[in-house]
Amino acid sequence: MVFLTLPLWIRNRGPDRFWKVQDLLKHARHFRGRKNRCYSLAVRAVRRAFVYATKSRKLKKRNMRTLWISRIAAATREHGMKYPALIHNLTKSSVQLNRRVISDLAITEPRTFQSLAKIAKARQQEGFRAALGDGKEPPGVLSRIVMLQ
Amino acid sequence: MAASRGLTGLWRTCVTLRRPPFCVPAAVRTQSSVSGDLLPRTSLSRPPWADEPSPVGLEEEQQRHAAVVSAVNQRIQNRDFGRLFAVVHFAGRQWKVTNEDLILIENHIDAECGDRIRVEKVLLVGAEDFTLVGRPLLGRELARVEATVIEKTESWPKVHMRFWKRHRYQRKRMIVQPQTVLRINSIDLAPNLS
């Protein structure tokens, strides 16, 4: 190392350490304890927070789906059916509503949900008749085969 | 397409069969040496909900269906419904929509701001007293949902971070997704229901 003058012997670090530190601490300001003030602790905490956020974006989709399913199951049991029967018979009647929409209808549009439950119930009865009977009864309205596009 | 009436009480449009108690295997046909109940009647041999089969024949059921359909037809022709809601399939998702609704879609749409768009895949339309359920879609001439593109922006920058401990591996990436905001202007029903 060759330093020709004394001022050059003094180490000159980067000019914007303050702002880089603040950029990281701003993500930690709502944490509890010294993690929201001290840089070394905050680095670790913020890294964990970001990693948890990335992983939970996938978990959120799974959790929401289980929530919708349990809501639909509760609503169908009020109408005297069970969730697997409802879903299976709705798909057999080629009603392609997803679980999010069906749970929203169960909450905000109870009459529409009741009509869906009735459709599923009728299709279920037609299925039972077709399976248990001798096949001589005419096929019901809902169980005729519909060609999907 | 099945039209069902949402009013409580009077009519039940589905016929329940007087069926044998729980768990009759499908292989058992109606001719068997054991007559009557195949299983002993226990507390679990019948479903806990009251299951009375309604003694309604086929013709009366068809008459009731026709009555319901004609009632719904009249309502549509007199435009007697209030606010309509619709379940619409758009951008890979299903949305439950009414008038003056705002929808945020997490991708780019090939339409400029201010364009009027007709949303075509309508799965269900409902009013206060009736619902039209599509199997799987309602006809194009039957239901019409119109929307306007209001805003095309980007989402807030999301952080995608991967970290393996004790392996000195971490990657940080900002993800910014294009977004579109639609306003649903109107949902309309056409008076021709078969």
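Residues numbered from 1 in each chain as written. Chains lettered and ligands numbered in written order. Predicted model: local features only at pLDDT ≥ 70, side-chain atom pairs only at ≥ 80, totals over all residues. Heavy atoms only, no water.

## Here we look at the overall build of chain A
(1) Moving on: What chain A contains, in helices and strands, is 6 helices and 0 strands.
(2) Moving on: Reading the helices (α) and strands (β) of chain A from amino to carboxyl end gives α-α-α-α-α-α.
(3) Moving on: Taken over the C-alpha trace, chain A has a radius of gyration of 31 Å; the compact-globule value for 149 residues is 15 Å, which it surpasses by more than 25%.
(4) Moving on: Principal-axis analysis of the C-alpha atoms places the extent of chain A at approximately 105 × 35 × 25 Å.
(5) Moving on: Per-residue burial over chain A gives 31% buried out of 149 residues.
(6) Moving on: A fraction of 43% describes how many contacts in chain A between residues 6 or more apart in sequence connect residues 24 or more apart.
(7) Moving on: About 10,500 Å² of surface is accessible on chain A, with carbon and sulfur atoms providing 58% of the total. (Helix = DSSP H or I, 4+ residues; strand = E, 2+ residues; numbered from the N terminus. Rg over C-alpha atoms; globule rule 2.2 N^0.38 Å. Buried < 20%, exposed > 50% of the residue type's maximum accessible area, 1.4 Å probe, protein only. Contact = heavy atoms within 4.5 Å. Areas by Shrake-Rupley, 256 points an atom, 1.4 Å probe, with all protein chains shown as cover.)

## Looking at the overall build of chain B
(1) Moving on: Looking only at helices and strands, one finds 1 helix and 11 strands in chain B.
(2) Moving on: In sequence order, chain B lays out its α and β elements as β-α-β-β-β-β-β-β-β-β-β-β.
(3) Moving on: The burial tally for chain B puts 35% of its 194 residues in the buried class.
(4) Moving on: Within chain B, contacts between residues separated by at least 24 positions form 69% of all contacts whose residues are at least 6 apart in sequence.
(5) Moving on: Accessible area of chain B: about 12,400 Å², with a carbon and sulfur share of 51%.

## What to know about the packing of helix 3 (residues 39-78) of chain A against helix 5 (residues 99-108) of chain A
Residues and elements named next belong to chain A.
(1) Moving on: In the contact formed by helix 3 and helix 5, the axes pass within 9 Å of each other and the chain directions differ by 45°. Classed by the angle they form, the pair helix 3 and helix 5 counts as oblique. The way helix 3 lies across helix 5 gives a crossing that is left-handed. Of the residues in helix 5, those in contact with R65, W68, I69, R71, I72 and A75 of helix 3 are R99, R100, I102, S103, A106 and I107. (Axes fitted to C-alpha atoms, helices over the stretch in contact; angles between N-to-C directions. Parallel < 35°, antiparallel > 145°, perpendicular 65-115°, else oblique. Left-handed = near helix turned anticlockwise from the far one by under 90°.)

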